[in-house]
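Fold and contact review
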Amino acid sequence: MLPVFRLEVASSLPMRAQGVLAQLPTVGFTRPVQLEIVDLYFFESGDQPLTEEAVDALAQSLICDRVTERYTVRRDERKEAGGGVKAEEIMAVEVALRPGVTDNVAGELLRAARRLGLEADRLNAVATGQRYVFRGDIERDALQKIAHSLLVNHTIQRYALGEITPEFVHASPETTAAEAIPLNALDADGLLALSKARRLSLDLAEMSAIQGYFRSLGREPSDAELETLAQTWSEHCVHKTFKALIDLTDRRAAGQAVTTQVDSLINTYLRAATERIAAPWVRSAFVDNAGVIAFDEQFDLSFKVETHNHPSAIEPFGGANTGVGGVVRDVLGVSHRPIANTDVLCFGFPDQNLADLPAGVLHPARIRAGVIAGVEDYGNKLGLPTVNGAIYYHNGYTANPLVYCGTVGMGPRDRRPNTALPGDRVIVIGGRTGRDGLRGATFSSLTMDAQTGEVAGASVQIGDPITEKGVIEVVERARDQSLYHAITDCGAGGLSSAVGEMSEKTGVRVDLARVPLKYAGLAPWEIWLSEAQERMVLAVAPENVPALQHICDTYWVELSDIGEFTGDGQLHVVYGTNEIVRLSEEFLHGGRPRLRLKAEISAGARRGAGARRGGATGESQPQGDSALGPGAADLLLALLAHPNLASKAYAIRVYDHEVRGATVVKPLVGVQADGPGDAAVLKPLDVSGWQGFALANGINPYLGEADPYAMAVSVVDEAVRNAAAVGADPSRVAILDNFCWGDPRRPEILGSLAQACQGCYDAAVHYGAPFISGKDSLNNEYLGTDGKRHAIPGSLLISSIAIHPDVRRAVTMDLKAAGNWLYLVGEWQPALAGSHAVQLAPACFAGSPALDCSPQLPQLAPQIYRALHRAMQAGLVRAAHDLSEGGLAVAAAEMSLAGRLGLELDLSALHEDACLALFAETNGCLLVEVEPQHTAAFDQALRLESAPAPVAMRLGQVTEHPEFRLAFHGQTLVQLPLAALVAAFTHS
Amino acid sequence: MPPYPPRILILHAPGVNRDGDLARAFELAGGQPEIVPLSALRRGEADWRHYAMLALPGGFSYGDALGAGRLWALDLQTWFAEALNDYVQTGKPVIGICNGFQALVKAGVLSAGAGATLTFNASGHFECRWVTLTPAAENPSPWLTGLGAILCPVAHGEGRFLVTQQGTEGDPVLAPAASAQVALRYARPDGTPAEGAYPFNPNASLADIAGVTNARGNVLGMMPHPEDHIYFYQHPAWTRQQDAPGGLGLPLFVNGVHFASQV
């Protein structure tokens with residue numbers, strides 16, 4: 001056998017090892033050990049033997065850092081499987097990627113080696129790995145456990161104690177024909193069994209429709225045809241739940257069930273809200289890959305938020321990584337240049353006990369670390385600032401983390417070609433196709449279980465952001481030169497979805513033999529379905545192909561011409577001369593039987609809109625010291641330190657939020673840049689003048705558990721209010737919905753989803769904030785080996801994008817100067833349902849009528865936000881911050897710590913119950929800082945004709961003295977040094 | 001401002017991403033920047049000899065595979081050696097920021113008189129935060145003429161400047177020749193030296209080094225991003241101040257344009 005060489009590179013710097021050592025306690029290992037991490041590179045000879053000198057030269061010139069690293073090269077000795085480990089090696093673990101998993105470092109290394117003259121006849125392949133050498137009090141079993149649960153993700157990696165044997169991907173025997181799947185003779189059970197066996201996620205009605213189609217053709221389907229239909233008809237691609245006909249049974253009215261029919265959630269609630277609002281500045285809602293609004297005469301803005309939950313659960317880094325890559329391509333799909341990213345992440349608590357984890361589930365701390373690193377890696381490498389987001393913890397996310405990735409794009413006004421013409425070439429640009437990411441669309445529509453990681457291993461994709469960066473450059477230039485008629489991204493379903501979607505009105509003929517592959521040996525259906533990342537499909541007139549090729553060459557992007565849009569209404573796929581798919585576009589896109597579902601709202605569910613309005617009206621005597629007393633300060637500190645409220649700097653600082661130079665209000669604000677900003681404000685460098693835009697979000701799963709309707713109205717309010725808090729125009733807010741829910745075939749789950757949709761409609765119309773795009777991720781459930789279902793709380797993320805008329809008037813939440821007044825602005829309606837204070841200190845709130853209250857849609861809020869906006873534009877406001885988790889006390893404390901200034905407030909006028917005054921949650925309210933010389937003007941600006949009572953109330957003043965004081969009916973409830981607030985919030 | 005704005009070649013390689021930010025900074029400073037992909041230069045669609053300055057922007061060239069800047073350095077050494085040599089040897093201004101700096105170091109253009117490298121931050125992770133930089137008074141490079149403190153962000157994971165260990169034990173120390181080439185140092189907000197303290201020195205660079213020049217002074221490399229502080233509203237605390245905050249990164253680019261127009 002020709003030699004394989006092994007290069008070991010060791011660093012003199014300890015950081016990586018320290019990072020691993022710090023995580024050992026999370027897998028139950030607490031003894032002191034030392035660790036050295038060594039990078040491994042394996043080089044496989046071509047037809048001619050590779051020499052040690054050649055590998056040594058590569059190590060010296062390309063791989064090893066002369067200052068910090070040293071290396072050794074030697075011939076790798078093949079060992080018998082399972083044996084041959086030398087005794088002294090037992091305390092070493094070696095980890096390598098499974099063959100076929102994208103290895104960007106190996107790819108770049110191979111390319112560089114070619115440039116240095118090592119051709120394929122000498123160097124055939126490169127693989128990478130890591131060696132972990134432990135020293136100290138550790139034995140084989142412990143090492144195995146550490147490797148198993150900390151060092152290796154089995155979905156993409158393998159490991160060995162001692163030395164690992166490298167594996168290289170080699171071409172498997174070529175299959176170029178499709179396989180016929182016997183379908184036409186199957187009965188109902190047979191159809192369902194086939195759907196399950198191939199993981200098609202199709203139900204009986206759908207399978208029967210497919211059977212009917214092929215019976216009428218008088219032939220059996222090919223594997224590729226069946227997979228194409230499964231992908232195209234998947235929940236992920238067509239949102240069949242949101243388009244279903246739903247029988248909704250409401251049992252809340254005493255003793256009777258009322259059943260109504262909902263003809264599509266999306267049409268009835270989401271699209272309906274947008275149509276009713278009819279904002280003239282909406283350029284595209286719901287129909288394109290991303291929502292589009294007008295920015296100014298010259299530019300439009302687009303915004304899309306996607307989820308990548310299932311992939312992130314089994315491979316957090318790759319899942320989040322490709323989640324970012326996917327949503328960026330959505331924005332390319334509307335021909336916009338991506339300019340900023342957002343990310344909202346939901347995890348189980350990071351201190352979760354390892355022993356209590358359901359089998360097959362990664363520890364939340366590991367998921368968190370991987371997801372944050374995945375977002376960081378892709379966003380930073382694309383040169384996109386990640387400027388807004390949230391991180392939320394809840395036990396329901398332990399087995400089902402949520403990863404919402406958003407991208408904003410900008411492009412010339414109304415320039416989004418999206419109609420392929422007969423005669424256009426089918427052009428694929430970007431990455432090559434491999435076996436990675438097969439069946440992602442159907443995978444994301446399945447409930448996960450302990451086997452999911454194993455079975456769906458092929459669904460995992462690893463991103464290659466540098467290839468996508470090239471694609472971005474190409475698309476922008478191709479658009480400016482009008483080189484294409486339509487464009488879409490290869491997302492879930494790969495070429496089958498992208499080409500299928502683009503050819504819906506024309507028909508198409510594709511030759512899969514022309515698709516460039518990462519390695520040979522893929523079956524035609526695999527090429528057609530592969531979800532290899534970083535590919536876009538364009539419809540290009542033949543005469544424009546050379547110009548596009550030139551741009552692609554300039555930006556190092558591969559282009560391939562794989563077929564033609566035809567005009568015959570057929571989706572026709574061949575591999576050379578072999579027929580692979582021949583389906584009518586009409587059946588593919590119109591043949592899916594409509595889903596009919598049952599939904600139920602149980603008798604115990606909250607009234608939603610009918611819940612007590614106006615919050616808890618306190619009839620009781622003032623309660624101060626007795627109920628809360630000195631505990632108030634402790635509760636405030638505990639809230640500030642709660643993972644959901646505390647600083648997210650650990651994530652924010654690893655994201656580049658400065659690149660592109662547009663970030664006017666950053667995610668962290670204040671004197672030491674550690675205060676939690678309400679929203680990001682951006683002014684792209686290309687924009688002349690002072691107009692910009694704000695990005696914000698609202699999410700509140702705890703409230704959703706108690707009251708899905710109230711959650712929906714609350715998160716819409718929060719997304720609008722956060723944008724208003726930084727000075728964006730509250731009448732120019734567009735919003736996006738992202739529903740992550742459980743299994744919609746369970747009526748009570750679908751019932752709660754319907755309630756949330758109703759809330760979306762009511763709130764969007766109330767604020768005049770149209771939905772421009774949305775996405776749902778259902779089936780976020782995990783079936784434990786004990787048969788127990790682990791479902792997420794229904795989680796609705798509302799993301800907002802709002803025009804900021806003058807970024808010089810942008811407002812941040814940090815207190816600015818002693819002597820300024822602090823106002824409470826808005827209709828304060830205390831509610832405790834889903835509140836964090838009740839979770840932490842239930843005793844303080846025992847018996848409170850507010851326990852049953854959910855935050856409501858504040859009736860005057862649209863007018864109040866507009867009035868506040870005018871005051872901001874007039875320069876009357878120095879700081880503003882929304883009241884959210886933890887209520888008024890937390891909002892005030894955050895402003896104080898961000899500005900490193902004291903605050904002295906009296907909350908007596910708010911409520912008789914001190915606990916509510918401090919910690920109850922409410923919609924529609926902000927704390928606003930105003931200079932003394934502007935108070936009269938501010939009072940005037942906030943005077944509303946329609947309001948029965950003033951909507952702006954002075955609570956106290958900013959002080960130089962670094963102390964945070966809250967008084968209530970003559971008592972001091974909270975008296976804390978500023979340093980204590982900072983320490984709690986930043987965990988320092 | 002020079003009557004004919006000097007043409008500035010901003011080199012683009014796969015994964016470079018702060019090219020636009022850098023172009024804007026040079027534009028504002030009176031230069032005439034052009035972003036040119038390496039591939040276009042190789043095809044002869046642009047000629048490096050027509051430019052008065054070479055600028056290597058930040059980003060993640062080739063995904064930072066094999067170490068930040070390493071593969072871009074390979075481009076410079078194999079495809080672009082003559083051009084780079086021409087700039088460096090004839091004294092024309094060259095600037096590399098962040099990934100561009102990493103590439104210049106890995107290509108051996110900036111070595112601080114010894115073996116130098118930019119390696120992983122001591123924190124073990126990428127870091128995006130604002131820093132204060134003070135110019136080294138003893139360095140006569142035209143890039144630094146009259147320069148005051150600069151406030152600007154860092155955004156990198158491999159920005160720790162280290163040199164080959166001098167002596168046998170303990171931390172590496174800087175040779176006198178290297179000291180003379182220090183251009184910018186991390187400082188505390190009041191301008192006093194960071195002395196290695198995190199987060200003022202965000203990556204534990206040796207001797208607080210944020211940027212160096214070559215011995216001649218025409219080549220400047222630095223990790224932080226002055227090109228992302230060319231407008232008052234980019235400063236993280238601008239909403240706190242009634243007057244625009246100082247410390248803009250622009251003077252550095254003005255120096256560069258001035259330098260380019262004189263060579």
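Residues numbered from 1 in each chain as written. Chains lettered and ligands numbered in written order. Predicted model: local features only at pLDDT ≥ 70, side-chain atom pairs only at ≥ 80, totals over all residues. Heavy atoms only, no water.

As for the overall build of chain B
When helices and strands are tallied, chain B shows seven helices and 11 strands. Across its three principal directions, the C-alpha atoms of chain B cover 50 × 50 × 35 Å. Partitioning the intrachain contacts of chain B with sequence separation of at least 6 by distance along the chain shows that 77% fall at a separation of at least 24. Surface exposure of chain B reaches about 8900 Å², of which carbon and sulfur atoms provide 53%. (Helix = DSSP H or I, 4+ residues; strand = E, 2+ residues; numbered from the N terminus. Contact = heavy atoms within 4.5 Å. Areas by Shrake-Rupley, 256 points an atom, 1.4 Å probe, with all protein chains shown as cover.)

Examining the interface of chain B and chain A
Accessible area lost when the parts come together is the quantity often used to give the size of an interface. With 58 residues of chain B at the interface, the matching set in chain A holds 59 residues. Here chain B and chain A share an interface that buries about 4800 Å² over both sides, 59% of which is from carbon and sulfur atoms. Broken down residue by residue, the surface that chain B buries against chain A is led by B:Leu66, B:Tyr233 and B:Arg240, which jointly contribute 16%. In this assembly, chain B and chain A are joined by three salt bridges. Linking chain B to chain A there are 28 residue pairs in polar contact (both at pLDDT 80 or more). Each residue belonging to the side of chain B that touches chain A can be placed in one class, and the counts come to 28 nonpolar, 17 polar and 13 charged. (Buried area = accessible area lost by both parts, 1.4 Å probe. Salt bridge = Lys/Arg side-chain N within 4 Å of Asp/Glu carboxyl O. Polar contact = N/O pair within 3.5 Å; in protein donor to acceptor, adjacent residues only side chain to side chain. Nonpolar A, V, L, I, M, F, W, Y, C, P; charged D, E, K, R; others polar.)

A closer look at the nonpolar core
Judged by nonpolar contacts, the single largest core of 316 residues is most densely connected at A:Ile429, A:Leu636, A:Phe938, B:Phe26 and B:Phe80. A:Leu636 has contacts with A:Ala889, A:Val890, A:Ala893, A:Phe919, A:Phe964, A:Val974, A:Leu976 and A:Leu981, leaving out every residue within four places of it along the chain. Counting 49 residues, the second largest nonpolar core, distinct from the first, contains A:Trp233, A:Trp525, A:Leu571 and A:Leu583. (Core = buried A, V, L, I, M, F, W, Y, C linked by side-chain atoms within 4.5 Å. Buried < 20%, exposed > 50% of the residue type's maximum accessible area, 1.4 Å probe, protein only.)

Quick notes on the sheet that holds strand S13 (residues 386-393) of chain A
Residue and element names in this part refer to chain A. Pairing is mixed across the open sheet formed by six strands, whose spatial order is S9-S10-S11-S14-S12-S13. Because the sheet does not close on itself, it has two edges, and the strands there are strand S9 (282-284) and S13. Taking each pair of neighbouring strands and ignoring which way they run, the sheet shows an average axis angle of 20°. Helix H12 (residues 316-332) rests against strand S11 (299-307), strand S12 (337-347) and strand S14 (402-412) of the sheet, and its axis sits at about 30° to S14. Sitting on the sheet, helix H16 (residues 465-480) is in contact with S12 and S14, with an inclination near 140° to S12. (Pairing = 2+ DSSP bridges. Axes fitted to C-alpha atoms, helices over the stretch in contact; angles between N-to-C directions.)

A few points about the pattern of salt bridges
All names here are of chain A. Scanning the entire structure with this criterion turns up 67 salt bridges over all chains. Of the charged contacts in the structure, one is a salt bridge between Arg594 and Asp263, with a shortest N-O distance of 2.5 Å. Of the two residues, Arg594 is situated in the loop between helix H20 (585-590) and strand S23 (596-601) and Asp263 in strand S8 (residues 258-263); the sequence distance between them amounts to 331 residues. Residue Asp263 is classed as partly exposed on the basis of its relative accessible area, which comes to 45%. Taking the shortest distance from any N to any O, the salt bridge between Asp743 and Arg745 comes out at 3.0 Å. Residue class for Asp743 comes out buried when judged on its relative accessible area of 5%. For Arg745, a relative accessible area of 57% puts it in the exposed group. Here the salt bridges share partners, and the residues they tie into one network are Arg6, Glu8, Arg74, Asp76, Glu94, Arg131 and Glu163.

Structural notes on the packing of helix H24 (residues 708-725) of chain A against helix H25 (residues 747-767) of chain A
Helix-helix packing: each pair is described by the crossing angle between the helix axes and the interaxial distance. Residue and element names in this part refer to chain A. Remark: H24 packs on H25, axes separated minimally by 7 Å, with the N-to-C direction vectors making an angle of 35°. Every pair of crossing elements has a handedness; the one defined by H24 and H25 is right-handed. On the side of H24, the interface is formed by Pro708, Tyr709, Ala712, Val713, Val716, Asp717 and Val720, while H25 contributes Ser752, Gln755, Ala756, Gln758, Gly759, Cys760, Asp762, Ala763, Ala764 and Tyr767. In terms of residue class, the contact of H24 with H25 is made up of 11 nonpolar, four polar and two charged. (Left-handed = near helix turned anticlockwise from the far one by under 90°.)

Topic: the pairing of strand S15 (residues 425-430) of chain A
Residue and element names in this part refer to chain A. Across the six residues of S15, six count as buried, placing the element largely inside the fold. Across six bridges, S15 lies against strand S19 (residues 535-540) in antiparallel orientation. Opposite Val428, over in S19, you have Val537 as the bridge partner. In this sheet, strand S20 (residues 559-565) lies alongside S15 in antiparallel orientation, the contact comprising five bridges.

Quick word on helix H7 (residues 250-262) of chain B
All names here are of chain B. Taking 1.5 Å per residue as the helical rise, H7 with its 13 residues ought to reach 18 Å, and the 19 Å between its terminal C-alpha atoms agrees with that figure. Every buried residue of H7 is listed here: Leu250, Leu252, Phe253, Asn255, Gly256, Val257, Phe259 and Ala260. Buried positions along H7 lie against strand S1 (7-12), helix H1 (19-28), strand S3 (53-56), strand S4 (94-97), strand S7 (150-156) and strand S11 (219-222). (Expected span 1.5 Å × (residues − 1).)

Overview of the confidence of the model for chain B
Any residue range with low pLDDT should be treated as having predicted coordinates unsuitable for detailed reading. A residue-level look at chain B finds 94% of positions with pLDDT of 70 or above and a mean pLDDT of 92. Here the complex is predicted with pTM 0.94, and the ipTM for its interfaces comes to 0.96. (pLDDT = per-residue confidence, 0-100.)

Considerations on the packing of helix H5 (residues 188-197) of chain A against helix H6 (residues 204-217) of chain A
All names here are of chain A. Running from amino to carboxyl end, H5 crosses H6 at an angle of 100°, the nearest separation of the two axes being 9 Å. Between H5 and H6, the angle is such that the two are roughly perpendicular. Taking contact as the criterion, the partners of Ala188, Leu191, Leu192, Leu194 and Ser195 in H5 are, on H6, Leu204, Met207, Ser208 and Gln211. The residue inventory of the contact of H5 with H6, partitioned by class, reads six nonpolar, three polar and no charged. (Parallel < 35°, antiparallel > 145°, perpendicular 65-115°, else oblique.)

Things to note about the state of the cysteines
All names here are of chain A. What the rule picks out here adds up to zero disulfides over all chains. Of the cysteine sulfurs around Cys405, a residue in no disulfide, the closest is that of Cys740, at 11 Å. On the basis of relative accessible area, Cys405 is assigned to the buried category, the value being 2%. Cys740 takes part in no disulfide bond, and the closest cysteine sulfur to it belongs to Cys346, at a distance of 7.5 Å. Judged by relative accessible area, which is 0%, Cys740 ranks as buried. (Disulfide = S-S within 2.5 Å.)

What about the environment of A:Ala641?
All names here are of chain A. Relative to the helices and strands, Ala641 is located in helix H21 (residues 631-641). Here Ala641 falls in the partly exposed class, since its relative accessible area comes to 25%. Through-space distance from the C-alpha of Ala641 to that of Ala984 is 4.9 Å; in sequence the pair is 343 residues apart. Excluding residues that lie within four positions of it along the chain, Ala641 makes contacts with Ala646, Ala984 and His987.

Here's the deal with the packing of aromatic side chains
This structure, assessed with the given rule, holds 21 aromatic pairs over all chains. With a centroid separation of 5.1 Å and 80° between ring planes, the pair formed by A:Tyr213 and A:Phe214 is classed as edge-to-face. The pair A:Tyr213 / A:Phe214 is uniform in exposure class, with both members buried. Ring geometry for B:Phe232 against B:Trp238: centres 5.7 Å apart, planes inclined by 85°, an arrangement best described as edge-to-face. (Phe/Tyr/Trp six-rings, centres within 6.5 Å; stacked < 30°, edge-to-face > 60°.)

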